[in-house]
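What the coordinates show
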Amino acid sequence: MQHDHGLTVTLQPHSPRLQVLVVAGDLDHHTAPRLRAALDELTLASGAGLVIDLSGLTFCDSTGISLLVAAHQRAQDAGAALALAGLDPDIANVFRIMGLDRLFSSYENREKAVAALQ
């Protein structure tokens, strides 16, 4: 199956200690380097927070899931909080099947995720 919707990754700083990364489009092995690069540019410090807003995500393959798991681990290692927001119901179901709903804090929308991390 080929996906060619592309991927946009936009950093929207919310406050000095909280950043929001908005991810939209298809997250797969072709587009994952865009998200990886954006995550690599972020400074995650103890007590900081990162919300990854996935409300515009239309597709996510195993490469994308691996990248999100790596971001979670990096945040944990730094003592930062990471939350996902706006997961599509089908993608959320995949996360549940894989047990990732126990790993990630996930919220219905960006506003709720931001409120939880403040």
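Here, the structure is the one placed above.
Let us look at the structure shown here. (Residues numbered from 1 in each chain as written. Predicted model: local features only at pLDDT ≥ 70, side-chain atom pairs only at ≥ 80, totals over all residues. Heavy atoms only, no water.)

1. Describing the nonpolar core
By size, the foremost hydrophobic cluster in this structure holds 30 residues, and its most contacted members are Leu35, Leu39, Ile52, Leu84 and Phe95. At the level of elements, strand E2 (18–27), helix H1 (32–41), strand E3 (49–60), helix H2 (62–78), strand E4 (81–85) and helix H3 (89–98) are the ones that each hand at least two residues to this core. Apart from the residues within four sequence positions on either side, leucine 35 is in contact with Leu7, Val9, Leu21, Val23, Leu27, Leu67 and Leu68. By size, the runner-up hydrophobic cluster in this structure holds eight residues, among which are Val22, Ala83, Ala85 and Ala113. (Core = buried A, V, L, I, M, F, W, Y, C linked by side-chain atoms within 4.5 Å. Buried < 20%, exposed > 50% of the residue type's maximum accessible area, 1.4 Å probe, protein only. Helix = DSSP H or I, 4+ residues; strand = E, 2+ residues; numbered from the N terminus. Contact = heavy atoms within 4.5 Å.)

2. Points about the pairing of strand E1 (residues 7–15)
Of the pairings in the sheet, the one linking E1 to E2 comprises eight bridges and is antiparallel in character. Looking at the pairing, leucine 7 lines up with glycine 25 of E2. Hairpin connection from E1 to E2: two residues lie between these consecutive antiparallel strands. (Pairing = 2+ DSSP bridges.)

Taken by themselves, the reported measurements are silent on function.
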